[in-house]
Amino acid sequence: MALVGVYEPSPTQWVRDQVELYESSGGTEGTTIRGDLPVILLTSVGARSGKIRKTPLMRVEHEGAYALVASNAGAVKHPVWYHNLVSSPLVELRDGTQVWEMKARLLSGEERAVWWERAVAAFSDYADYQARAEREIPLFVVEPTAV
Ligand code: F42
């Protein structure tokens, strides 16, 4: 079942621009940052507003599952979308031209450690973000809802 709600674009201009380009091109443009680093698009439901939120994140994929890294560029606070996923784990994930409904699950322990390595391999800046974040950066894995 598709997510229901009114779409509220990000207040951050460059994020909003990336979402617009990614979606309006059907996932053929706006799919990278810094030249060639791939990005996916997360759609979640606002924990308080119930509005549809769209968030570009780095692409960390393994065997059809994806990690969502709540790095918030190394800020001391979790990004707002972290709270949205805790409250409402059903999400939509777009990777280029493909879109799936998926369920997000917060990782811990050994499973988190394995995905963290994959995340840093995909985007090495995550290691710097972790060093200055003063919190353990949360990781979700998202997997298809119907397997
Ligand atoms: N951020 C990451 O954390 N990890 C990444 O890997 C990442 C990669 C990335 C790649 C490209 C790109 O363009 C951006 C990238 N970002 C990455 C930044 C990411 O897209 C987000 O901008 C960032 O993580 C901050 O997320 P945020 O959810 O904190 O966004 C803020 C700016 C925001 O949109 N706030 C909204 C607002 O209006 O202030 C609120 C949105 C919201 O969900 N509100 C809830 C609701 O109910 O609607 C309220 C929830 C509550 O309880 O307050």
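Our structure is the block above this text.
Residues numbered from 1 in each chain as written. Predicted model: local features only at pLDDT ≥ 70, side-chain atom pairs only at ≥ 80, totals over all residues. Heavy atoms only, no water.

1. Remarks on the side chain of Arg135
Thought 1: Checked against the element boundaries, Arg135 lands in the loop between helix H4 (125-133) and strand E8 (139-144).
Thought 2: No salt bridge is formed by the buried Arg135, whose closest oppositely charged neighbour, Glu134, lies at an N-O distance of 8.8 Å.
Thought 3: For Arg135, the residues in contact, after removing those within four places along its chain, are Ala70, Ser71, Asn72, Ala75, Val76, Lys77, His78, Pro79 and Gln130. (Helix = DSSP H or I, 4+ residues; strand = E, 2+ residues; numbered from the N terminus. Buried < 20%, exposed > 50% of the residue type's maximum accessible area, 1.4 Å probe, protein only. Lys, Arg positive; Asp, Glu negative; His and termini not counted. Salt bridge = Lys/Arg side-chain N within 4 Å of Asp/Glu carboxyl O. Contact = heavy atoms within 4.5 Å.)

2. Examining the site of the ligand
Thought 1: What surrounds the ligand is a group of 25 residues, the closest being Gln18, Arg48, Ser49, Asn84 and Tyr126.
Thought 2: At a separation of 3.1 Å, an oxygen atom of the ligand approaches a polar backbone atom of Ala47.
Thought 3: Take Val69: an N or O atom from its main chain is 2.8 Å from a nitrogen atom of the ligand.
Thought 4: For the ligand, whose unbound accessible area comes to 1000 Å², protein coverage reaches 79%.
Thought 5: Taken together, the elements giving at least two residues each to the shell around the ligand come down to helix H1 (13-24), strand E3 (52-58) and helix H2 (80-87).
Thought 6: Tallying contributions element by element places E3 first for the shell around the ligand, with five residues.
Thought 7: Taken together, the residues of the shell around the ligand break down into 14 nonpolar, nine polar and two charged. (Near = heavy atom within 4 Å. Polar contact = N/O pair within 3.5 Å; in protein donor to acceptor, adjacent residues only side chain to side chain. Areas by Shrake-Rupley, 256 points an atom, 1.4 Å probe, with all protein chains shown as cover. Nonpolar A, V, L, I, M, F, W, Y, C, P; charged D, E, K, R; others polar.)

3. Re the packing of aromatic side chains
Thought 1: Under the counting rule described, the total for this entry stands at seven aromatic pairs.
Thought 2: For the ring pair Phe123 and Tyr126, a centre distance of 5.0 Å and an interplane angle of 80° mean the geometry is edge-to-face. Neither Phe123 nor Tyr126 differs from the other in exposure class; each is buried.
Thought 3: With centroids separated by 6.3 Å and ring planes inclined at 70°, the aromatic side chains of Tyr126 and Tyr129 adopt a geometry described as edge-to-face. Pair noted here: Tyr126 and Tyr129 are both in helix H4, with a separation of three residues, about one helical turn.
Thought 4: Taken together, the ring pairs in this structure connect Trp116, Phe123, Tyr126 and Tyr129 into an aromatic cluster. (Phe/Tyr/Trp six-rings, centres within 6.5 Å; stacked < 30°, edge-to-face > 60°.)

4. As for helix H3 (residues 109-122)
Thought 1: For H3, with 14 residues, the first-to-last C-alpha span of 20 Å sits near the 20 Å given by 1.5 Å per residue.
Thought 2: If you check which residues of H3 are buried, you get Arg112, Trp115, Trp116 and Ala119. With its buried residues spanning 115° around the axis, H3 presents them on a single face. In H3, the exposed residues that point more than 90 degrees away from the buried face are Glu110, Glu117 and Ala121.
Thought 3: Looking at the buried residues of H3, the elements they touch are strand E4 (60-62), strand E5 (65-69), H4 and E8. (Expected span 1.5 Å × (residues − 1). Arc of directions from axis to C-beta.)

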